[in-house]
Amino acid sequence: MVKRAIIAVLGLGMVLAAASCAGVTAPARACGSGALKAIRVGGQPTRIVMTPDGRTLYVSSLGRGTVTAISTATNQVLRTIKVSPQTGMLWNMGIAPDGKTLYVVEIFAGDVVPIRTATNQALTPIRVTHPYDLAGGIAFAPDARTVYVVDDRAGTVIPIQASTGRLLTPIRVGKGSQDIAITPDGRTVYVPSAAAGTVTPVNVATGTALPPVRTGLGASRVTITPDGKTLYVTNLIYGTVTAISTAANKVVATVRVGHPPDRVTVTPDSRTAYVTVLGGDSFPTTVTVIPIQTATSRAGRPIKAGYTPYGIAVTPDSRTLYVGSTPVRRWNAASRLIPIGTATSKTGQPIKLGIGAEGMVITPDGRTAYVLNAYPPSVVPVQITCPVA
């Protein structure tokens, strides 16, 4: 089944925050003092997200049906929130742009559960579709008034009115959809279809799907540059990344990366897109990072980054890229963060972490990364207070 195959291949999500780091230059080495004391969260952690102001982290636990709220000021657990103790399948989360509400996608129940960040209280679940039909993708209008989720089985995008939880008219986009992205101006939503090898733009004002744009089989992840000009699509089966102009909804370039691309992360200044590429036929896979200049769609020299990817993120000042991986080809090897200077593509000294890292977020001031570990179930704060040359 395409949906399950893609879920198995894709790495776990990362969140980028916007701000600037202190303008300090440094030799190619690890920034700051490295990993701090781990924060225990319990269960099997699957996702980590951060409020836009950087004050609170949220971690979902697979199987327990809970979300843990953590204060970044004290690195202490604020509360464990019961969301779905019956099924426990909390597949994805997203925070509205205004930071007031966290939305949790519960794929087994077909629900979206709102949580008020001011009180860390779960509200009444919103029944979106039939059990098992939600794909997990979630996006928000910039004004936070509308939430968009993907119904994989029906092949639709379902808008939700945030103020009331009311479902609006579903928009048909095609089956095999997993991810979803929205332009910074909130005018267009993009949804990929792995089975069709296309991306469907949706006109938000009219609530209608526009003609799909063909990219390649296995179209899975969609990422929009912060300036809103370019959409990047990873095509797993074709081993390519497609760049699409959001103004014209036309392909402007197809970059061949050789092996299945995992995800694309773009620097906050919109100058460079970084693609993590999975190599090899067995697990753990090798990890290579390929930089692409957004102005020319020209790929740079591949950067080797170990094995078993768990994510990629850029500091808010666009100066340092962090890639999560393991140093050896062993599933139970300790994870590490590799800093890479975006100006030179030079790697710094890796920062050691726990086993089975699952994702990462970076604070808006660019000083701390929080890494989600599977074993022991925890969040590890990592100081990253200076860039890599």
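Look above for the structure.
Residues numbered from 1 in each chain as written. Predicted model: local features only at pLDDT ≥ 70, side-chain atom pairs only at ≥ 80, totals over all residues. Heavy atoms only, no water.

Before going further, it helps to examine the pairing of strand E34 (residues 351–362). Regular strands place their side chains on alternate faces of the sheet. Across three bridges, the pairing between strand E33 (residues 334–341) and E34 is antiparallel. Along E34, the bridge assignment pairs Leu337 with Ile351. Where E34 lies against strand E35 (residues 368–375), six bridges are found, and the strand directions are antiparallel. Bridge pairing links Gly359 to Leu372 in E35. If you look at the hairpin formed by E34 and E35, you'll find five residues sitting between the two strands, and Gly366 has a positive phi there, around 75°. (Pairing = 2+ DSSP bridges. Helix = DSSP H or I, 4+ residues; strand = E, 2+ residues; numbered from the N terminus.)

A few words now on the environment of Gly324. For Gly324, the location among the structural elements is in strand E32 (residues 320–326). Owing to a relative accessible area of 0%, Gly324 belongs among the buried residues under this scheme. Between the alpha carbons of Gly324 and Pro339 there is a distance of 9.1 Å; along the sequence they are 15 residues apart. (Buried < 20%, exposed > 50% of the residue type's maximum accessible area, 1.4 Å probe, protein only.)

Let us now look at the sheet that holds strand E24 (residues 230–235). With respect to topology, four strands assemble into an open sheet ordered E23-E24-E25-E26, the strand pairing being antiparallel. Unpaired on one side and paired on the other, strand E23 (219–224) and strand E26 (250–256) mark the two borders of the sheet. Going across the sheet, the axis of each strand differs from the next one's by a mean of 25°, ignoring polarity. Across six bridges, strand E25 (residues 240–245) lies against E26 in antiparallel orientation. Bridging across to E26, Thr240 finds its partner in Arg256. (Axes fitted to C-alpha atoms, helices over the stretch in contact; angles between N-to-C directions.)

Under the criterion given, the structure shown has six salt bridges. Note that Asp143 and Arg145 form a salt bridge whose closest N and O atoms lie 4.0 Å from each other. Close ionic contact of Asp185 with Arg187 constitutes a salt bridge, the shortest N to O distance being 3.9 Å. Take Arg187: its relative accessible area is 62%, and that puts it in the exposed class. (Salt bridge = Lys/Arg side-chain N within 4 Å of Asp/Glu carboxyl O.)

Okay, a nonpolar patch on the surface next. A cluster of nonpolar residues, Leu217, Ile237 and Tyr238, forms a patch on the protein surface that exposes about 300 Å² of accessible area. Relative to the assigned elements, Leu217 resides in the loop between strand E22 (213–214) and E23. (Patch = residues over 30% accessible without salt bridge, like charges linked within 9 Å, V, L, I, M, F, W, Y side chains within 5 Å. Areas by Shrake-Rupley, 256 points an atom, 1.4 Å probe, with all protein chains shown as cover.)

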